[in-house]
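# Reading the structure
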Amino acid sequence: MIDPNKTGVELPSIDLLQKFDVPAPRYTSYPTADRFVKTFGPEDYEKALASRHPETPLSLYVHVPFCNDVCFYCGCNKIVTRDHSKSREYLETIGQEARLVKERLSGIQTVSQLHFGGGSPTFLDNDEIVRMMELITEHFPLEADGEFSMEVDPRSCPPEKVEQLAKVGLNRMSCGVQDFNADVQKAVNRIQPFEMTRETMQAARENGFKSINMNLIYGLPKQTRATFEKTLDQVLELSPDRIALYHYAHLPHHFPPQRRILDADLPPTLEKVHIMMDAITRLTSSGYRYIGMDHFAKVTDELAIAQQEGKLQRNFQGYSTRPDCDMVALGVSAISNVNGHYACNPRDLPAYYEAIHAGRLATNRGYAWSAEDRLRHAVIMTIMCQFKLEKAEIEERFGINFDTTFAYELRKLQNYQKVGLVELTPEAIVVSPKGKIFVRAVAMQFDRYLRESDRAGGYSKIA
């Protein structure tokens with residue numbers, strides 16, 4: 001039998017890639033966020049907070065929506081401004097929300113994992129960073145050996161700000177780059193010289209940051225195989241611990257800033273696929289392990305080690321080394337995952353402020369797992385994280401017969417087995433090295449909500 005932990009990733013043929021390059025969820029949650037319902041409100045979230053298992057670890061996510069400038073490719077929930085009175089008001093409201101959650105939360109109250117996303121959290125100046133951490137740790141103290149990270153934009157994070165991040169307790173960063181090519185940067189309105197990024201990363205290492213992730217995007221305007229090869233040269237020179245290589249989805253009808261990107265400047269589909277495949281080949285031959293989908297980590301990194309040991313997890317923050325945590329999320333559009341309940345805040349500031357300032361949680365939609373959701377969540381996340389599922393483990397955990405319960409799904413997977421993307425045995429489902437790129441599509445076969453639905457067409461394609 002194939003052992004996915006002892007084999008790398010194998011690039012499929014272009015024909016096979018095009019055949020199985022289907023729209024598929026990213027599975028940072030199951031059920032996915034488009035299944036959330038408006039009937040799930042603050043009272044439901046309160047019950048979830050109060051019913052936590054007393055020993056479940058706690059993770060915290062804070063959404064900081066502000067940016068100095070708009071990047072044309074971006075689809076994040078953001079507010080473009082230079083007015084720091086807005087961010088100061090927002091931070092105080094985050095503090096109020098933290099207090100409201102703490103008053104309703106049972107179980108462990110210290111945080112083992114903290115992440116600031118955006119927007120651009122480094123929009124905040126040094127004093128605001130200090131204030132933000134004061135407001136959070138007043139209610140949720142940080143554990144001594146935790147992972148505390150922030151998404152960093154080098155354009156707003158010079159060495160002195162990196163030093164401040166370290167002083168307040170952060171020890172990991174995710175560095176936004178996308179592409180180092182000057183023409184690409186101009187086309188997406190993100191001018192960020194290589195030297196600026198190098199300076200930020202050097203400061204992080206000098207200040208004791210334990211891990212640096214770098215975000216890249218392929219499929220951007222003006223991008224070619226040749227130009228991205230040079231970007232990879234520079235990436236490898238900087239030697240980040242982890243790399244996320246995202247696929248650019250051009251959806252100008254959904255994200256208005258993308259209307260400023262000319263269709264004629266986008267690389268053709270085949271060129272884009274080659275950029276992706278070139279990058280996978282280059283990174284996996286340069287000391288990085290293919291973790292899954294669009295993520296890579298040095299073989300010595302905690303993420304790669306967690307996958308080898310079968311301990312890798314996946315949540316709204318992406319891949320994680322931590323065991324299953326309840327995740328409390330603060331801020332606009334933030335999504336919590338507590339005791340089998342998803343609770344989502346509004347996307348717009350006025351609705352968020354109105355709720356928190358009135359002394360109530362801002363939840364405006366969400367979802368409570370059913371028993372079947374828990375089962376399918378376990379199956380999907382195991383495949384997404386480990387590339388392998390042992391049927392006996394699922395049967396023992398949930399008291400089912402795997403082959404009977406998932407007879408329909410196993411029949412569907414035979415199409416993937418025929419072309420060598422998966423191996424189906426009486427004991428296990430194993431994603432082959434050639435199938436790793438298609439892991440989202442393999443996991444999707446166990447998504448009950450997509451079985452008789454056309455909603456998969458709304459997700460991004462694999463390549």
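Described in the following lines is the structure provided in the data block. Note that the structure is a prediction, hence the values are computed from the model and not measured.

Quick look at the pairing of strand 4 (residues 111-118) now. Most of strand 4 sits out of view: eight of its eight residues are buried. Strand direction decides the pairing type here: strand 1 (residues 58-64) and strand 4, joined by seven bridges, are parallel. Paired with Ser59 across the bridge in strand 4 is Gln113. The pairing of strand 4 with strand 5 (residues 142-152) spans five bridges and is classified as parallel. When the sheet's bridge partners are listed, Gln113 is paired in strand 5 with Glu147. One crossover worth recording links strand 4 to the parallel strand 5 by way of helix 4 (residues 126-139), and it is right-handed.

Attention shifts here to helix 7 (residues 194-206). Between its first and last C-alpha, helix 7 extends 18 Å over 13 residues, near the 18 Å set by a 1.5 Å rise per residue. Restricting attention to buried positions, one finds in helix 7 the residues Phe194, Thr197, Thr200, Met201, Ala203 and Ala204. Remark: Gly208 follows helix 7 within two positions and exhibits a positive phi of approximately 85°.

The subject of this paragraph is the state of the cysteines. Enumeration according to the criterion identifies zero disulfides in this entry. With no disulfide partner, Cys74 has as its closest neighbouring cysteine sulfur the one in Cys76, 3.7 Å distant. The class for Cys74 is buried, based on a relative accessible area of 13%. Cys76 supplies the cysteine sulfur nearest to Cys344, a cysteine that is in no disulfide, at a spacing of 14 Å.

Our next topic: unusual backbone geometry. The peptide bond linking Tyr30 to Pro31 adopts the cis configuration, its omega dihedral lying at -5°. Considering the arrangement of structural elements, one finds Pro31 in the loop between helix 1 (14-20) and helix 2 (42-50). Positive phi outside glycine occurs at Lys222, with the angle close to 75°. Looking at the element boundaries, Lys222 is found in the loop between strand 7 (211-218) and helix 8 (225-238). For Lys222, a relative accessible area of 42% gives the class partly exposed. You will see that Ser333, though not glycine, has its phi angle at about 60°, which is positive. Residue placement: Ser333 occurs in the loop between strand 13 (326-330) and strand 14 (335-338).

With respect to the secondary-structure elements, Thr32 resides in the loop between helix 1 and helix 2. In terms of polar contacts, Thr32 uses its side chain to reach the side chain of Asp34, at 2.5 Å.

Counted according to the given criterion, the structure contains 17 aromatic pairs. Look at Tyr90 and Tyr352: their rings are 6.1 Å apart centre to centre, the planes differ by 45°, and that puts the pair in the tilted class. Taken as a pair, Tyr90 in helix 3 (residues 84-104) and Tyr352 in helix 11 (residues 349-357) lie far apart in primary sequence, 262 residues in all. You can call Tyr90 buried: its relative accessible area is 1%. Residue Tyr352 is classed as buried on the basis of its relative accessible area of 0%. Between Phe406 and Phe446, the ring centres sit 5.3 Å apart and the planes meet at 75°, which makes this aromatic pair edge-to-face. With Phe406 in the loop between helix 14 (402-405) and helix 15 (407-418) and Phe446 in the segment after helix 16 (439-444), this pair connects stretches of sequence that are 40 residues apart. Judged by relative accessible area, Phe406 falls into the buried class, the value being 0%.

Attention now goes to the packing of helix 4 against helix 5 (residues 159-167). Each pair of packed helices gets described by two things: the angle between the helix axes and the distance between those axes. Relative orientation of the contacting elements helix 4 and helix 5 amounts to 15°, with a least axis distance of 10 Å. When the axis of helix 4 is compared with that of helix 5, the two are roughly parallel. Crossing handedness for the pair helix 4 and helix 5: right-handed. Residues Asn126, Ile129 and Val130 of helix 4 form the contact with helix 5, whose own contacting residues are Glu160, Lys161, Gln164 and Leu165. Split by residue class, the contact of helix 4 with helix 5 holds three nonpolar, two polar and two charged.

Scoring rules and cut-offs
Residues numbered from 1 in each chain as written. Predicted model: local features only at pLDDT ≥ 70, side-chain atom pairs only at ≥ 80, totals over all residues. Heavy atoms only, no water. Buried < 20%, exposed > 50% of the residue type's maximum accessible area, 1.4 Å probe, protein only. Helix = DSSP H or I, 4+ residues; strand = E, 2+ residues; numbered from the N terminus. Pairing = 2+ DSSP bridges. Right-handed = clockwise from strand over helix to strand, strands pointing away. Expected span 1.5 Å × (residues − 1). Disulfide = S-S within 2.5 Å. Polar contact = N/O pair within 3.5 Å; in protein donor to acceptor, adjacent residues only side chain to side chain. Phe/Tyr/Trp six-rings, centres within 6.5 Å; stacked < 30°, edge-to-face > 60°. Axes fitted to C-alpha atoms, helices over the stretch in contact; angles between N-to-C directions. Parallel < 35°, antiparallel > 145°, perpendicular 65-115°, else oblique. Left-handed = near helix turned anticlockwise from the far one by under 90°. Contact = heavy atoms within 4.5 Å. Nonpolar A, V, L, I, M, F, W, Y, C, P; charged D, E, K, R; others polar.

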